[in-house]
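The residues making up each chain are set out below.
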Amino acid sequence: MEEQFVVRQEKLKKLEALGVAPYPYRYEVSHRFAEVIAAHKERDAEQLQRDAAAVRVAGRVVAIRSMGKSVFMHLFDGSDRLQVYVRKDGVGERDWAVTGLLDIGDIVGAAGTVFKTRTGELSVLVQELTFLAKSFHPLPEKWHGLQDKEVRFRQRYLDMIVNPDATEVFRKRSRLIQAVRRFFHERGYVEVETPMMHPIPGGASARPFVTHHNALDIDLYLRVAPELYLKRLLVGGMEKVFEINRNFRNEGISLMHNPEFTMIEFYELYRDFSDYMDLSETLLLELAGELLPDAVLRWQDKEIPLRPPFRRVKYMDAIAEKSGLALEALWDEAAMRAHIAKALPNEPMPPTYGKMLDLLFSHYVEDGLVEPTFVTYFPKAISPLSKVSRLDERETERFELYIAGMEIANGFSELNDPLEQRRRFEAQARDRERGDDEAQRIDGGFLTALEHGMAPAAGEGIGIDRLVMLFAGAASIKDVILFPLLRPKE
RNA sequence: GGCCCCUUAGCUCAAUUGGCAGAGCAAUUGACUCUUAAUCAAUAGGUUGAAGGUUCGAUUCCUUCAGGGGUCACCA
């Protein structure tokens, strides 16, 4: 609001008139609030008075209670709150004048001694108050915090100042990614960075974002997946490799989808999809050990135990069971078409057989996969990069891990036969001609790499944002992405 | 993109059937040297998201637009 902005600018001028530097360069902090609290919370008022431990702390003023010649304030350091107490006769004349000019939102340093108030709250009796930065805007209300989701996402810093839980989610995210990295480093994986801009988008079925490089005068696509580049590294002999980075998909936004999202992809030579299902279980349990009190995900109103081995169900069996369709019908395009026309009359008829399968899977199966479940042996038609099953040539050695109705991971025995890979790409090209504009494109450079010989390998991708949702109990992907995509305002 | 819902003071929310736009917090002024949702007294703060329409009269009803949320589709 205009008026408050003006008033606060006037206060800044008054500070300068007192000889206070309004934007000093540094402040020597001796303890974070959590350290002060941990060190002294168990001691009683008498002990604290005897010792008079000296601290220098800093934070944002989030509450002011003035008693006239003494002022209580709560400071917030990004994680914790700490009360400080300024008395007129306890600080210098100038510091007292500064205290009177403070607004909620200002940032200050406080040097003094730790004590306990009459009501037992650990506080700092201030001897020296240092002004560190001015806030010209009022903070959201103290009781209810900031409710407006739009403001929370557009001005995430306000969310973080007022709703400490928001920050906690992102600390968890950081710890989770750190734990994932350590997991793979401990197993001898090499972390790499492959291009974010691809001349041919590949590695996943999705619409890409397009951009243009001026000097080369070529269109480039923001990557939808790093897969085809990571496999080139397998050809090069990198035995274990992973990448944690952003993917970009030009698709809709929902509780589970943001156009840019973080993914880990990892690959290991001489392994197959079965090894990677085991590895996924190990990883999730290790993350639970790191982030949860026990191996139980608490998400929304659900309790989801992580108890290996996770349930395993074949993709086609899952659809057959939930739809009531016979397995033979699922393998027959005409029968599928008839079923969809009759049972799902409001759905537009998918252009390809693979899209029909997708439709039935998401309609009948997906939401019901709450407990951790590996869906296995995806049909060849929708798995252009995975190896054919040893058991049934219509299927592939591919799995997806579902938890809480969300797809969390996707892995397979990597197709390494270049002639077969070329045929799969050609089948995708035919799907594209039939109207599936997410069908994968032929990447000649990738085929050439395979032609040089790639050892058998397993590969997998895990959606990090969704994993954070599960481990932090977040209902929306927007709650685990600091700045989710919103339509720009004005 | 389709459908449904929301948008009122800086923030959180009210406003009876269409009849004078309010409260708490925040802010301003004053009192107060252990408060913590501090307290007490006073003051100020509004183009009710925007533009039209109906009406004597619109926060309220209608249309269009903008932003957001939910949902469906696509996707992870």
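Before reading on, note that the structure itself is shown above.
Everything in this summary refers to the structure shown in the same document. As a convention, each chain's residues are numbered from 1 in the sequence order in which they are written. Each chain gets a letter, beginning with A, and each ligand a number, beginning with 1, in the order they are written. pLDDT decides what is reported in this predicted model: residues at 70 or higher carry local features, side-chain atom pairs at 80 or more are listed and counted, and totals for whole chains, interfaces and linings draw on all residues regardless. Side-chain metrics in this entry use all non-hydrogen atoms of the structure; hydrogen atoms and water are not considered.

1. Observations concerning the protein's contact with RNA strand B
Logical step 1: Any residue with at least one heavy atom within 4 Å of a molecule or strand is counted as near it. Around RNA strand B sit 58 residues in total, of which T119, W143, H257, R466 and R487 are the nearest.
Logical step 2: A share of 61% is what sugar and phosphate atoms reach among the atoms of RNA strand B within 4 Å of the protein.
Logical step 3: The term polar contact refers here to a pair of N or O atoms within 3.5 Å; inside protein, the definition further demands a hydrogen-donor-capable atom paired with an acceptor-capable atom, and it admits residues adjacent in sequence only when both atoms are side-chain atoms. Backbone polar atom of K69 to a phosphate oxygen of RNA strand B: 3.3 Å apart, as the coordinates give it.
Logical step 4: Between RNA strand B and the protein, one listed contact pairs a phosphate oxygen with a backbone N or O atom of R487 at 2.8 Å.
Logical step 5: For the surface near RNA strand B, the element with the highest residue contribution is helix α1 (residues 2–17), accounting for four residues.
Logical step 6: Each residue belonging to the surface near RNA strand B can be placed in one class, and the counts come to 17 nonpolar, 15 polar and 26 charged. Labels follow the DSSP assignment, with helices taken as runs of H or I lasting at least four residues and strands as runs of E lasting at least two, numbered in each case from the N terminus. In this classification, Asp, Glu, Lys and Arg are treated as charged, Ala, Val, Leu, Ile, Met, Phe, Trp, Tyr, Cys and Pro as nonpolar, and every other residue, Gly included, as polar.

2. Topic: the packing of aromatic side chains
Logical step 1: To pair, rings of Phe, Tyr and Trp, with the six-membered ring standing in for Trp, must have centres within 6.5 Å; the planes then decide the type, stacked if under 30 degrees apart, edge-to-face if over 60, and tilted in the middle. Counted by the stated rule, this structure contains 15 aromatic pairs.
Logical step 2: Ring plane angle 25° and centroid distance 5.1 Å describe the contact between F5 and F136, whose orientation is recorded as stacked. Taken as a pair, F5 in helix α1 and F136 in the loop between β5 (122–133) and α5 (149–154) lie far apart in primary sequence, 131 residues in all.
Logical step 3: Taking the relative accessible area as the measure of exposure, F5 reaches 29% and is therefore partly exposed.
Logical step 4: A 1.4 Å probe rolled over the protein chains alone gives each residue an accessible area, and that area as a share of the maximum for its type sets the label: buried under 20%, exposed over 50%, partly exposed in between. Judged by relative accessible area, which is 19%, F136 ranks as buried.
Logical step 5: Their ring planes at 75° and their centres at 5.3 Å tell us that F273 and Y377 sit as a pair that is edge-to-face. Separated by 104 residues along the polypeptide, F273 in helix α9 (residues 273–291) and Y377 in the loop between β15 (373–376) and β16 (398–403) bring together distant segments of the chain.
Logical step 6: Among the aromatic residues, ring-to-ring pairing joins F183, F184, Y189, F242, F266 and Y276 into one connected group.
Logical step 7: For a lysine, the NZ atom is tested; for an arginine, the CZ atom; a charge sits over a ring if that atom is within 6 Å of the ring centre and within 35 degrees of the ring normal. Between R187 and the ring centre of F183, over which it is positioned, the NZ or CZ distance is 3.7 Å.
Logical step 8: Between K314 and the ring centre of Y377, over which it is positioned, the NZ or CZ distance is 5.4 Å.

3. Let's talk about helix α14 (residues 418–433)
Given 3.6 residues to a turn, an α-helix orients residues that are three or four positions apart in the same direction.
Logical step 1: Every helix has an expected span of 1.5 Å times one less than the residues it contains. Over its 16 residues, α14 runs 23 Å from end to end, which matches the ideal 22 Å to within 8%, given 1.5 Å per residue.
Logical step 2: Buried within α14 we find P418, E420, Q421, R424, F425, Q428 and D431. End-on, the buried residues of α14 take up no more than an arc of 155°, which puts them together on one face. Along α14, exposed side chains directed more than 90 degrees from the buried face belong to L419, R430 and E433.
Logical step 3: In what follows, a contact means two residues having at least one pair of non-hydrogen atoms within 4.5 Å. On its buried face, α14 sits against α15 (444–451).
Logical step 4: Here α14 starts with a cap whose side-chain oxygen sits 2.9 Å from the backbone nitrogen of L419, and that cap is D417.
Logical step 5: Where α14 ends, the next residue or the one after it, G435, has phi of about 110°, a positive value. Summarising the geometry, the arc corresponds to the directions from the helix axis toward the C-beta atoms.

4. So, the sheet that holds strand β8 (residues 210–213)
Logical step 1: Pairing between strands is defined by DSSP: at least two bridges between the two strands are required. Strand order in this open sheet of three strands is β7-β9-β8, and the pairing throughout is antiparallel. A single partner strand is all that each edge strand has here, and the edge strands are β7 (197–198) and β8.
Logical step 2: Two strands pair when backbone bridges link them, and β7 and strand β9 (residues 218–222) are joined in this way by two bridges, in the antiparallel orientation. By the bridge assignment for β9, M197 is matched with L222.

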